[in-house]
Amino acid sequence: MRILIVGNGGREHALLWKLRADAPAAEFFATRPNPGMLPGCTPVDLAPTDVEGLAGWADANGISLTVVGPEIPLARGIADTFRRRGLPLFGPMAAAARIESSKAFAKELMKRLEVPTAAHACFRSFAEAEGFIRETPAPLVVKASGLAAGKGAIVCSSTEEALDAARAMLESGEFGEAGAEVVVEEFMEGEELSIFGITDGRHVTLLLPSQDHKPIGEGDTGPNTGGMGAYAPVPLASPGLVDEARDRIFLPVLDALERAATPFRGLLYAGLMVTPEGPKVVEFNCRFGDPETQVVLPLMESPLLELMVAVARGGRIDDTGTHWSTRTALNTVLASEGYPGDYEKGHEIQIPPELTERDDLLLFHAGTRTEGDRLVTSGGRVLSVVGLGRNLEEARARSLEGVEAIDFEGKTFRSDIGFRAFARDEA
Ligand code: AMP
Ligand code: GLY
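Numbering of residues begins from 1 in every chain and follows the order in which that chain's sequence is written. Written order decides the labels, with chains lettered from A and ligands numbered from 1. The predicted origin of the model limits local features to residues at a pLDDT of at least 70 and limits the giving and counting of side-chain atom pairs to 80 or more, whereas totals for whole chains, interfaces and linings rest on all residues. Each side-chain value is derived from all of the structure's non-hydrogen atoms; neither hydrogens nor water enter the calculation.

Asker: A description of the site of ligand 2 should follow, citing residues and the corresponding values.
Answerer: Any residue with a non-hydrogen atom lying within 4 Å of a molecule or strand is treated as near it. Close to ligand 2 lie Asp212, Lys214, Gly226, Tyr269, Asn285, Arg287, Gly289, Asp290, Pro291 and Glu292, which account for all nearby residues. In protein, a polar contact means a hydrogen-donor-capable atom and an acceptor-capable atom, both N or O and within 3.5 Å, with residues adjacent in sequence counting only if both atoms are side-chain atoms; elsewhere, any N or O pair within 3.5 Å suffices. One of the backbone nitrogen or oxygen atoms of Asp290 is found 2.8 Å away from a nitrogen atom of ligand 2. Between a nitrogen atom of ligand 2 and a side-chain N or O atom of Glu292, the distance comes to 2.8 Å. Grouping the constituent residues of the shell around ligand 2 by class yields two nonpolar, three polar and five charged. The nonpolar class holds Ala, Val, Leu, Ile, Met, Phe, Trp, Tyr, Cys and Pro. Asp, Glu, Lys and Arg form the charged class, and all remaining residues, Gly among them, are polar.

Asker: Tell me what's going on with the state of the cysteines, and back it up with residues and numbers.
Answerer: By definition, disulfides here are pairs of cysteine sulfur atoms that lie within 2.5 Å. All told, the structure shown has zero disulfides when counted by the stated rule. Not engaged in a disulfide, the cysteine Cys156 finds its nearest cysteine sulfur in Cys122; these two sulfurs lie 16 Å apart.

Asker: Run through the nonpolar core, naming residues and quoting values.
Answerer: Buried Ala, Val, Leu, Ile, Met, Phe, Trp, Tyr and Cys residues that are joined via side-chain atoms within 4.5 Å together make up what is termed a nonpolar core. A simple rule labels every residue: compare its accessible area, found with a 1.4 Å probe on the protein chains alone, to the largest value its type can have, and call it buried under 20%, exposed over 50%, or partly exposed in between. Counting residues in each nonpolar core, the largest one holds 56 residues, and the members touching the most others are Ile99 and Phe284. Only runs of H or I of at least four residues qualify as helices and only runs of E of at least two qualify as strands under DSSP, and these elements are numbered from the N terminus. It is helix α9 (residues 239–259) that provides the largest number of residues to this core, a total of nine residues. Ala14, Ala23, Leu65 and Ile198 belong to the second-largest nonpolar core, a separate cluster that totals 43 residues.

Asker: Got a sec to walk through the sheet that holds strand β17 (residues 278–285)? Specific residues and values, please.
Answerer: The strand order β11-β10-β16-β17 describes an open sheet built from four strands, whose pairing is antiparallel. If you trace the sheet from one side to the other, it starts and ends with β11 (204–206) and β17, each paired once. The sheet shows a mean angle of 35 degrees between the axes of neighbouring strands, taken without regard to direction. Pairing geometry for strand β10 (residues 191–199) and strand β16 (residues 266–275), over nine bridges, is antiparallel. Counted as the bridge partner of Glu192 is Met273 from β16. Each pair of strands is called paired provided DSSP finds at least two bridges between the two strands. Orientation is described by axes fitted as lines to C-alpha atoms, over the contacting stretch for helices, and by angles from 0 to 180 degrees between their N-to-C directions.

Asker: Which residues make up the pattern of salt bridges, and what values do they have?
Answerer: By definition here, a salt bridge exists when the distance from a side-chain nitrogen of Lys or Arg to a carboxyl oxygen of Asp or Glu is within 4 Å. Per the stated rule, a full pass over the model turns up 35 salt bridges. The salt bridge involving Arg369 is made with Glu371; its shortest N-O contact spans 3.0 Å. The class of Arg369 is partly exposed, set by a relative accessible area of 36%. Judged by its relative accessible area of 33%, Glu371 falls in the partly exposed class. Beyond isolated ion pairs, a larger network of salt bridges with shared partners links Lys103, Glu192, Asp212, Lys214 and Glu283.

Asker: Could you give an account of unusual backbone geometry, with specific residues and numbers?
Answerer: Of note, the bond from Ala138 into Pro139 is cis; its omega dihedral lies within 30 degrees of zero at 0 degrees. Relative to the assigned elements, Pro139 resides in the loop between α7 (126–135) and β7 (140–144). Cis rather than trans, the peptide bond between Ala232 and Pro233 has omega equal to -5 degrees. Along the chain, the position of Pro233 falls in the loop between β15 (229–232) and α9. In this model, Glu114 sits at a positive phi of 60 degrees, which is unusual for a non-glycine residue. Looking at the secondary structure, you find Glu114 in the loop between α6 (103–113) and β6 (120–123). According to the relative accessible area criterion, Glu114 is exposed, its value standing at 65%. We note that Ala261 has phi near 65 degrees; this positive angle belongs to a residue other than glycine. Following the sequence through the fold, Ala261 ends up in the loop between α9 and β16.

Asker: Which residues make up the layout of surface pockets, and what values go with them?
Answerer: When its volume is computed, the second largest pocket comes out at roughly 530 Å³. Considering the residues around the second largest pocket, the lining is formed by 28 residues, among which His13, Trp17, Thr356, Leu362 and Leu363 are closest to the centre. Contributions of two or more residues to the lining of the second largest pocket are made by α1 (10–22) and β19 (361–365). Its residues assigned to classes, the lining of the second largest pocket shows 17 nonpolar, six polar and five charged. Each cavity reported here is a set of points on a 1 Å grid over the protein atoms alone in which a 1.4 Å probe fits but cannot get out, each pocket an open set with protein on both sides within 12 Å along at least five of seven lines, and each lining residue one with an atom within 4 Å of a point. Grid points are joined across faces, edges and corners, and a volume is the space filled by probe spheres set on the points.

Below, the structure written as structure tokens:
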């Protein structure tokens, strides 16, 4: 079997790692893989967004499964192109991927279906948004409707802040095309939870829930990033809560998309807020989350590959469930100083070799590249350091041991990943 992975960040490294474990004899390829992925795959020198180029390459090279990591190729119709050419690909077609690429679309869908989520309104002009923001008591969340790499949602504690955010999007064009339409929504109080569902459009297999940490600063302070760390399993995610998410969120949304002749086949990611009234949707994504994938897949004992192949071939999956390790995984992301704003690249990274030989620690690369025989930083999020343990405490200790042992100039991380679960333990 020949498998192509589209994308080259921490999530794609984790996908490669899991699929290689599922199918040791398969041959793997990846678009411009990072150095961590490289020993396990053959590089394909095409950009993840080069949809036509990738379809041509996959066809010519006998690829039997293509797995897409990032949202942009999906929003641009990579699944549509592959399907037209009869090439199996895991990921939704563009019409279904709108659930991520247009927050306005996702919010209207949820409103219509009465899926629990924050009350909202959509605007294309600042004048209209202004009236609404002045009438609605803060706190409010102002969001660019389009794709903004996880940075398009601004939580505003005052009316003035919300007006500034809406002005930046609708008048100053600071978020480009993504901010041409704006969603203003009610602020939801609670803890966040990420649930991934693998779906054939009708049936869904939910993976182990995880918890991301989006803000750059400890205690969840400062601007939002793509995600600074995650852990799984999450004590907050009781079986009852997961059932509720399946019945009130995943299944109604999948059913509506199927009825609209835009079935969602691939991975549907529900970003939830667990509120006193139950789980409510913060956002949907049309692909695996990063950095959550790096903790969810190492705990998955049953194969992922079979599910992906069935979905990619247009077949069905049965919801017989997946098997999970009893261990806990905790991922600390090492970022470049300045991220999510401007940061320097090219700093040499030192990784003690013994770190990569342990069974309680996994290192997934993201923004790294080689320069001669040196490994250097090349992105905002540089490495994921995943600790595995019998409980959260052990997983955190392993992850932080790895974090301490790795060195590069400007190394930035949160040492408090999992803080909410620890606080719950102490309460
Ligand atoms: P999004 O891009 O929609 O996922 O939002 C990014 C982050 O902003 C979320 O992960 C939350 O931490 C926060 N956020 C977004 N919407 C809300 C909301 N309605 N209430 C509270 N926090 C929110
Ligand atoms: N970790 C959040 C995301 O992948 O969108």
